[in-house]
Amino acid sequence: MPAWTIRDDGLLVAIRVTPRGGRDAIAAGTEEHLAARLAAAPVDGKANAALIALVARTFGVPKRAVTLVGGDTARLKRLHVAGDAAALAKIAAALYEAAA
């Protein structure tokens, strides 16, 4: 699976999470996933909540537009970001362009 897939109602994004990473940040990862560092510990869903907030900020959507669809307890997570798929894909691509 690529780092993101365009859907009719938004974007499906794969993100590899590093909890207790010092500060919240999302950046380019590999072809298969984006990379996110979170200050939150993976306890009681705190890291997942922090990831949803970070993805919402990064893609400029409300938190309610971001849904965790896979990897609840794994480092590799899949999230659905609802919205204009083309605009969301441009934001994801910009993360990779910034890394180049």
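Just so you know, these numbers come straight off a predicted model, no measurement behind them.

**Q** Go over unusual backbone geometry with me, naming the residues and quoting the values.
**A** A positive phi angle, near 55 degrees, is found at Arg 20, a position not held by glycine. Tracing the sequence through the fold places Arg 20 in the loop between β2 (10-18) and β3 (25-27). One non-glycine residue, Asp 44, adopts positive backbone phi at about 55 degrees. Turning to its location among the elements, Asp 44 is positioned in the loop between β4 (34-37) and α1 (46-59). Of the residues examined, Asp 44 reaches a relative accessible area of 73% and is grouped as exposed.

**Q** Would you mind going over the environment of Gly 22 in detail, with residue names and values included?
**A** Mapped onto the elements of the fold, Gly 22 is located in the loop between β2 and β3. Beyond its immediate chain neighbours, meaning those up to four positions away, Gly 22 contacts Leu 38 and Ala 39.

**Q** Could you give an account of the packing of aromatic side chains, with specific residues and numbers?
**A** On inspection of all chains with the given rule, the structure shows one aromatic pair. Seen in terms of ring centroids, Trp 4 and Tyr 96 are 5.7 Å apart; in terms of plane orientation they differ by 45 degrees. Their pairing is tilted. You can see Trp 4 sitting in strand β1 (residues 4-7) and its partner Tyr 96 sitting in helix α2 (residues 85-99), a full 92 residues away along the chain. Judged by relative accessible area, which is 23%, Tyr 96 ranks as partly exposed.

**Q** Describe the layout of surface pockets, listing the residues and the values that go with them.
**A** For the largest pocket, the calculated volume is near 200 Å³. Lining the largest pocket are 13 residues; nearest its centre among them are Pro 42, Asn 48, Asp 72, Thr 73 and Lys 77. Top contributing element to the lining of the largest pocket by residue count: α1, with three residues. The class makeup of the residues in the lining of the largest pocket is six nonpolar, three polar and four charged.

**Q** An account of the side chain of Asn 48 is requested, with residue identities and associated values reported.
**A** Assignment of secondary structure puts Asn 48 in helix α1. When its relative accessible area of 12% is taken as the criterion, Asn 48 is described as buried. For Asn 48, the contacting residues outside a window of four places in its chain are Leu 68, Asp 72 and Lys 77.

**Q** Explain the nonpolar core residue by residue, including any values.
**A** Generally speaking, nonpolar side chains in soluble globular proteins are found buried as a group. Ranked by internal contacts, the top residues of the largest apolar core, which has 26 residues, are Ile 15, Leu 51, Val 55, Phe 59 and Val 61. If you list the elements that add at least two residues to this core, you get β2, β4, α1, β6 (76-82) and α2. The element best represented in this core is α1, accounting for eight residues.

Basis of the calculations
- Residues numbered from 1 in each chain as written.
- Predicted model: local features only at pLDDT ≥ 70, side-chain atom pairs only at ≥ 80, totals over all residues.
- Heavy atoms only, no water.
- Helix = DSSP H or I, 4+ residues; strand = E, 2+ residues; numbered from the N terminus.
- Buried < 20%, exposed > 50% of the residue type's maximum accessible area, 1.4 Å probe, protein only.
- Contact = heavy atoms within 4.5 Å.
- Phe/Tyr/Trp six-rings, centres within 6.5 Å; stacked < 30°, edge-to-face > 60°.
- 1 Å grid on protein atoms, 1.4 Å probe; cavity = no way out; pocket = protein on both sides within 12 Å on 5 of 7 lines; lining within 4 Å.
- Points joined across faces, edges and corners; volume = space filled by probe spheres on them.
- Nonpolar A, V, L, I, M, F, W, Y, C, P; charged D, E, K, R; others polar.
- Core = buried A, V, L, I, M, F, W, Y, C linked by side-chain atoms within 4.5 Å.

Without other data, these values stay purely geometric and don't point to any function.
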